[in-house]
Amino acid sequence: MDAGIDRLGRILGPPLFAPDILKVTFLAKSLRTALAVLVLFVFYVPQVARSRAAVVSILVSLVLTIGWSLAGDPFGLDSADVALVIPLIVIGTDHLLKRTGTDVPAPVTAASLQRK
């Protein structure tokens, strides 16, 4: 059986036959989880998710999920669990700290454009 796997590795080559391919696959699953949470927020609760919070959520999820995976999944928590919670925390915090009226710019009146 090992000879068959060894032959397969020589045929496919090193780029397609990596020993840690399973770890990379699980990391990709975790990152897709973070994006799925973000998409659910945008479709089902659009008044909560703002574009700036969405970008920050993606970036923070990317960095922390990769870091969590490289740390070996501490405390027995899978990186997918971390990727699920991070967008919820970032977007929830943004919604709680959002000041009313900051999403819409103030209207420009004709009087404010005239020279004095």
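Here the structure is shown first, and the text comes after it.
As the structure is a computational prediction, the values presented were derived from the model and not from experiment.

About the thresholds
- Residues numbered from 1 in each chain as written.
- Predicted model: local features only at pLDDT ≥ 70, side-chain atom pairs only at ≥ 80, totals over all residues.
- Heavy atoms only, no water.
- Helix = DSSP H or I, 4+ residues; strand = E, 2+ residues; numbered from the N terminus.
- Buried < 20%, exposed > 50% of the residue type's maximum accessible area, 1.4 Å probe, protein only.
- Contact = heavy atoms within 4.5 Å.
- Areas by Shrake-Rupley, 256 points an atom, 1.4 Å probe, with all protein chains shown as cover.
- Salt bridge = Lys/Arg side-chain N within 4 Å of Asp/Glu carboxyl O.

Asker: Which residues make up the overall build of the protein, and what values go with them?
Answerer: Counting its secondary structure elements, the protein contains 5 helices and 0 strands. Starting at the N terminus and walking to the C terminus, you meet the elements of the protein as α-α-α-α-α. Relative to its full complement of 116 residues, the protein shows a buried share of 21%. Within the protein, contacts between residues separated by at least 24 positions form 68% of all contacts whose residues are at least 6 apart in sequence. Of the roughly 9,000 Å² of accessible surface on the protein, 70% is carried by carbon and sulfur atoms.

Asker: Can you break down the pattern of salt bridges residue by residue, with the values?
Answerer: For the structure shown, the criterion picks out 2 salt bridges. Where Lys29 meets Asp78, a salt bridge forms, and the shortest distance between an N and an O atom there is 3.6 Å. You can see Lys29 sitting in helix H2 (residues 21-44) and its partner Asp78 sitting in the loop between helix H3 (51-70) and helix H4 (79-97), a full 49 residues away along the chain. Lys29 sits in the partly exposed class, given a relative accessible area of 31%.

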